[in-house]
Amino acid sequence: MPFYLLGLSILLVFVPYKLPAIKAPLWCVCCLLAVFSGFMDDVLSVQGVLVVLVYTSLLFASLKTHSVWLRRAAVCAFAILSLTLAMHLLPGFTNQVMVQDHVVSVDGRPFSLYANFDKGLVGLFLLGYFFKGQVTIGYFQALQQPRRAVMVLIMTPCLALGLALVLGLIQFDVKLPNFWLAFLGINLLFTCVAEEAFFRGFLQRELSIWLAGKTCIWVAPIVSAMLFGIAHMGGGVEYAIVASVAGLGYGGVYYLTKRIEYAILCHFILNGLHFLFFTYPMLA
């Protein structure tokens, strides 16, 4: 139940309505229920709850502090804690194992699938920061350069997966594992959302604001793509290169639309195609 409530909280971030009685966004209420349920089900320990409280305080300070320097300090601390949680470096969270060392493709590396409460929480809070606490209806009415964005959205999976084929990381392998639905749900809500909310919604946007009028407009997407590739160095240099190419596509989609959900969708489409039609996660 905690993971379902957390996933629902992430979806509710995109709902521009508050509960009239307490004037709180729906996602905040659902997140509180997710944390309480997680504590009752031993997904979160007392330490985990304390981490959530600190994380909530930093999010609130990042959005509400009027002092420029105090806000910058809060934002930096919020970013560091987000990375730490996403990398599972803090105690207090028991993430659920869905698949353990399973060979998805005959010639592929063993694969494990986890429902990560801490990383899902990162995606949720980063979206909360991106929307300044509450998404507005006006956000959905602004869509810049939609045709170019659709082209980039289509080209990104083709280029990234094509490059992975050329580099010998994957081969064609059409399949439908029995845990496909769990994979797609977890990958969308707990992986794609967290990574795009950080690299595009937080890092790229903050860089764009800081560099506005100072240098080339594509510097921020390129930097976020390079850092995205470095974050995937665990799979090897070739894998990091492919991730950088994919990250540039995600960044391009976000730059053209200013809509984080389109970057998430592009990321999810690529991951879904990789999982269903190619060696997963990569050749052994």
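See the structure shown above.
To start, this report covers the structure provided alongside it. (Residues numbered from 1 in each chain as written. Predicted model: local features only at pLDDT ≥ 70, side-chain atom pairs only at ≥ 80, totals over all residues. Heavy atoms only, no water.)

**A closer look at the packing of helix α3 (residues 46–64) against helix α4 (residues 68–86)**
Line of reasoning, step 1. The N-to-C vectors of α3 and α4 enclose an angle of 145 degrees; their axes lie 8 Å apart at closest approach. Here α3 and α4 pass one another in a crossing that is left-handed. Contacts between α3 and α4 involve V51, V54, Y55, L58, L59, A61 and S62 on the former and, on the latter, R71, A74, V75, A77, F78, L81, S82 and L85.
Line of reasoning, step 2. When its residues are assigned to classes, the contact of α3 with α4 shows 12 nonpolar, 2 polar and 1 charged. (Axes fitted to C-alpha atoms, helices over the stretch in contact; angles between N-to-C directions. Helix = DSSP H or I, 4+ residues; strand = E, 2+ residues; numbered from the N terminus. Left-handed = near helix turned anticlockwise from the far one by under 90°. Contact = heavy atoms within 4.5 Å. Nonpolar A, V, L, I, M, F, W, Y, C, P; charged D, E, K, R; others polar.)

**Re the environment of N187**
Line of reasoning, step 1. Its location among the elements puts N187 in helix α8 (residues 180–211).
Line of reasoning, step 2. Remark: the alpha-carbon pair of N187 and D101, spanning 86 residues in sequence, is separated by 17 Å.
Line of reasoning, step 3. Beyond its immediate sequence surroundings of up to four residues, N187 is in contact with C192, F268 and N271.

**Description of helix α9 (residues 219–231)**
Line of reasoning, step 1. For α9, with 13 residues, the first-to-last C-alpha span of 18 Å sits near the 18 Å given by 1.5 Å per residue.
Line of reasoning, step 2. All buried positions along α9 are accounted for by A220, P221, S224, A225, F228 and G229.
Line of reasoning, step 3. If you follow the buried residues of α9, they end up packed against α8, α10 (237–257) and α11 (260–277). (Expected span 1.5 Å × (residues − 1). Buried < 20%, exposed > 50% of the residue type's maximum accessible area, 1.4 Å probe, protein only.)

**Brief notes about the environment of E196**
Line of reasoning, step 1. Secondary-structure assignment places E196 in helix α8.
Line of reasoning, step 2. In the structure, E196 is positioned 158 residues away from G38 in sequence and 25 Å away in space, judged by C-alpha atoms.
Line of reasoning, step 3. When residues no more than four places from it in sequence are discounted, the contact partners of E196 are G201, Y250, I260, A263, I264 and H267.
Line of reasoning, step 4. Of note is the side chain of E196, whose polar atom sits 2.8 Å from the side chain of H267. (Polar contact = N/O pair within 3.5 Å; in protein donor to acceptor, adjacent residues only side chain to side chain.)

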